[in-house]
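Spelled out from the first residue to the last, the chains are:
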Amino acid sequence: MNTRGYLHGCLDLFPEVTMRRYGKTQRLEEVERHVAGMLKDGRDLWEIIRDIHNNDEFDADMFGFLPDQIEKELKETMWHRQWKTLREEELLRQLHGVFRQIEPVSMVLRFIDPSRYGIISSPVATILGVRPQRKATDTYQAYLKSLREVGRERGFDRTADVEMALWALQVGVLDGFLPEAQRGTLKESYNRDVRLRQMETRNLTMHLFRENTKLKVAESLLGTDVPLAGQIAGIEFEQLVGKRVRSARSVRRGTTLYDLINLLEPSRLRPRLHRARAIRNDAIHERDKVTKEGVEFLIEMARKVE
């Protein structure tokens, strides 16, 4: 099975994985069908939410119980009856303001519009490399962006199907809820799925740089990947030197790092900065020469320039 098609195989196994994981098959398609009928009849959003929670085909309470006061709060909002006209970001913000958790928000949207939404869960977030951001709605939008990207690349018509396929992959295959006979080929396909791994790495890296300075990221990598730490610190060192010099004087474009350091004040720092430059060159061009002590010194000098 090729890496494009194996995720469709995981989607087919979703009902079985839910049975093995929860002891009951979660029939999400039945809830979808019922919600679609309610939408067609023009039912209120609150009625739809309540119906999702009361449907025996799906255990909605695993994503949070439905307190009675939410109905009152929802009905009192200005947007309750006009929710279909809201932009995605605004709809997420308003729903999160009522539920105060992103999981039930994602569940409601998944049943209202499975073509565009999926339920957020830790198994799928793990595969995608999506980590919590400061705002839960931002986390969910990053999650949706990755789901939709996988959907376009792998021939899925709906975001919800991508989410279910990845959930079955993580829980059923990687976590071992499916028998070995069913897991073997799918796990091999996942291990060959370079594109999915690249997405995971990209999301994790973006999260690291969003939450930390580049020098802090380099420092955190010293215990696991010294050459990569050196590359990150080296690039940041060069940029900081250039920024510091150009803020003090006019320098022509293309000036070398060597010359930039010779223009930097105070001059007493220059010998140590040139030593850091040599470490930076090794980190960029000759990874085998990089040492942990050297990168630590490079980070120290980058901070002095900063």
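Everything below is about the structure shown above.
Residues numbered from 1 in each chain as written. Predicted model: local features only at pLDDT ≥ 70, side-chain atom pairs only at ≥ 80, totals over all residues. Heavy atoms only, no water.

(A) Summary view of the overall build of the chain. Secondary structure assignment for the chain yields 17 helices and zero strands. In summary, the chain has a C-alpha radius of gyration of 26 Å against a globular reference of 19 Å for 306 residues, an excess of more than 25%. A burial count over the chain gives 47% of its 306 residues as buried. Carbon and sulfur atoms make up 47% of the accessible area of the chain, which totals about 16200 Å². Once the 52 positive and 47 negative side-chain charges of the chain are each reduced to a mean point, those two points are 8 Å apart. (Helix = DSSP H or I, 4+ residues; strand = E, 2+ residues; numbered from the N terminus. Rg over C-alpha atoms; globule rule 2.2 N^0.38 Å. Buried < 20%, exposed > 50% of the residue type's maximum accessible area, 1.4 Å probe, protein only. Areas by Shrake-Rupley, 256 points an atom, 1.4 Å probe, with all protein chains shown as cover. Lys, Arg positive; Asp, Glu negative; His and termini not counted. Charge placed at Lys NZ, Arg CZ, Asp CG, Glu CD.)

(B) Expanded view of the packing of aromatic side chains. This structure, assessed with the given rule, holds five aromatic pairs. With centroids separated by 6.0 Å and ring planes inclined at 15°, the aromatic side chains of Y22 and W167 adopt a geometry described as stacked. Separated by 145 residues along the polypeptide, Y22 in helix α2 (residues 14-22) and W167 in helix α10 (residues 159-174) bring together distant segments of the chain. Taken together, F14, Y22 and W167 form an aromatic cluster joined through their ring pairs. (Phe/Tyr/Trp six-rings, centres within 6.5 Å; stacked < 30°, edge-to-face > 60°.)

(C) Molecular detail of the nonpolar core. Membership of the largest hydrophobic core comes to 65 residues, with the highest contact counts inside it found for F58, M107, L128, Y140, Y143, L166 and L169. Tallying contributions element by element places α10 first for this core, with nine residues. With residues near it in sequence (within four places) discarded, L166 still touches L7, V124, I127, L128, L147 and L196. (Core = buried A, V, L, I, M, F, W, Y, C linked by side-chain atoms within 4.5 Å. Contact = heavy atoms within 4.5 Å.)

(D) Representation of the side chain of H274 in the model. Looking at the element boundaries, H274 is found in helix α16 (residues 270-285). A polar contact is formed between the side chain of H274 and the side chain of N262, at a distance of 2.9 Å. Filtering out sequence-adjacent residues up to four positions away, H274 remains in contact with Y258, I261 and N262. (Polar contact = N/O pair within 3.5 Å; in protein donor to acceptor, adjacent residues only side chain to side chain.)

(E) Spatial organisation of the pattern of salt bridges. Counted according to the given criterion, the structure contains 24 salt bridges. Residue E76 is joined to K72 by a salt bridge in which the shortest nitrogen-to-oxygen separation is 2.7 Å. On the criterion of helical spacing, the pair formed by E76 and K72 is a turn pair, its members being four residues apart in helix α5 (residues 68-76). Given a relative accessible area of 53%, K72 falls into the exposed group. Between E73 and R100 there is a salt bridge, and its shortest N-O distance comes to 3.1 Å. (Salt bridge = Lys/Arg side-chain N within 4 Å of Asp/Glu carboxyl O.)

(F) Quick look at the side chain of T137. Along the chain, T137 turns up in helix α9 (residues 136-154). Its relative accessible area of 11% is what places T137 among the buried residues. Each residue touching T137, except ones within four places of it in the same chain, is listed here: L92, R93, H96 and I102.

(G) Structural view of the environment of V150. Tracing the backbone shows V150 in helix α9. You can call V150 buried: its relative accessible area is 2%. Sequence separation between V150 and F177 is 27 residues, and the spatial gap between their C-alpha atoms is 24 Å. Here V150 is in contact with L7, L128, V162, L196 and M199, once residues within four sequence places are set aside.

(H) How the structure looks around helix α4 (residues 45-54). Listed in full, the buried residues belonging to α4 are L45, W46, I48, I49, I52 and H53. Along the axis of α4, the buried positions cluster into a sector of 165°, meaning they face one direction only. Its buried side turned inward, α4 meets α3 (28-40), α5, α6 (88-99) and α7 (102-112). (Arc of directions from axis to C-beta.)

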